[in-house]
Amino acid sequence: NIIYSFLWSLKFVKKWYLYYVADSLSALVGLTLRSLGRVDKVVYYCMDYYPVRFKNPVLNGLYFKLDSFCAKNADETWNVTQAIINARAKKMNWKKTDLKNQYVVPGGVWFYKGAGWFE
C-alpha cells in the first residue's frame with residue numbers, strides 16, 4: 001500500500017498541498033514526498049499508542065523509532081488524546097521542543113457532553 005501510494009503520488013499529481021495519513025509507514029511516504037518537493041504539508045493522525053506494539057523486540061523497537069521520527073517531522077501530528085503525546089514523549093525521551101507540532105484532535109462525537117440530550 002505504501003509503495004502504491006508513493007508511486008501514484010509521483011505519477012498523477014504534480015504537487016499536493018496536504019498529505020494526511022493515519023499510520024507511521026504512510027507518514028514516512030508523506031515525509032519522503034515532502035523532501036522531494038511533491039507535498040507541502042504532512043499531517044500524521046494517531047488514533048492509538050501501545051507501549052508494546054509487537055512481541056518481537058526488534059520489530060517493536062523499529063516501530064517506535066519510525067513513529068517517533070514521523071511524529072517529530074510531520075508538520076502537525078494529531079493525537080486523539082493528550083495521553084498519546086505524554087506516552088510518546090516519555091518512551092522516546094523527548095524534550096519540550098519535540099512537542100511543538102503535537103496537537104490533541106479528538107475523534108468521534110460525544111453527544112451527551114454539554115448537549116443536555118442525555119442528562
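Residues numbered from 1 in each chain as written. Predicted model: local features only at pLDDT ≥ 70, side-chain atom pairs only at ≥ 80, totals over all residues. Heavy atoms only, no water.

S.K.: So what exactly am I meant to see when it comes to the side chain of Arg 88 here?
M.R.: Mapped onto the fold, Arg 88 is located in helix H4 (residues 82-91). Here the side chain of Arg 88 touches Asp 67 through a polar contact of 2.7 Å, side chain to side chain. Beyond its immediate sequence surroundings of up to four residues, Arg 88 is in contact with Cys 46, Tyr 49, Asp 67, Ala 71, Thr 77, Asn 79, Trp 94 and Gln 102. (Helix = DSSP H or I, 4+ residues; strand = E, 2+ residues; numbered from the N terminus. Polar contact = N/O pair within 3.5 Å; in protein donor to acceptor, adjacent residues only side chain to side chain. Contact = heavy atoms within 4.5 Å.)

S.K.: Explain the environment of Gly 37 here, please?
M.R.: Relative to the helices and strands, Gly 37 resides in the loop between helix H2 (24-35) and strand S2 (39-46). Expressed as a C-alpha distance, the spacing of Gly 37 and Trp 16, which sit 21 residues apart in the sequence, is 9.1 Å.

S.K.: How should the side chain of Asn 101 be read in this particular structure?
M.R.: One can find Asn 101 in the loop between H4 and strand S4 (102-104). You can call Asn 101 buried: its relative accessible area is 4%. Reaching out from Asn 101, the side chain makes a polar contact with the backbone oxygen of Ala 74 at a distance of 2.6 Å. Once residues lying within four places of it in the same chain are set aside, the contact partners of Asn 101 are Ala 71, Lys 72, Asn 73, Ala 74, Asp 75, Glu 76 and Thr 77. (Buried < 20%, exposed > 50% of the residue type's maximum accessible area, 1.4 Å probe, protein only.)

S.K.: Before we go on, may I ask you to explain the packing of aromatic side chains in this structure?
M.R.: Counting across every chain of the model gives 5 aromatic pairs. Taking the centre distance of 5.4 Å and the plane angle of 70 degrees together, the rings of Tyr 49 and Phe 64 count as edge-to-face. Note that Tyr 49 is positioned in the loop between S2 and helix H3 (57-73) and Phe 64 in helix H3, a separation of 15 residues in sequence. You can call Tyr 49 buried: its relative accessible area is 14%. Seen in terms of ring centroids, Tyr 63 and Phe 64 are 5.1 Å apart; in terms of plane orientation they differ by 80 degrees. Their pairing is edge-to-face. Looking at Tyr 63, the relative accessible area reads 15%, which means it is buried. Phe 64 gets classed as buried once you look at its relative accessible area, which sits at 3%. What links up through ring pairs into an aromatic cluster is the set Tyr 49, Phe 54, Tyr 63 and Phe 64. Looking at Lys 91, its charged tip hangs above the ring of Phe 64, at a distance of 4.6 Å from the centre. (Phe/Tyr/Trp six-rings, centres within 6.5 Å; stacked < 30°, edge-to-face > 60°. Lys NZ or Arg CZ within 6 Å of the ring centre and 35° of its normal.)

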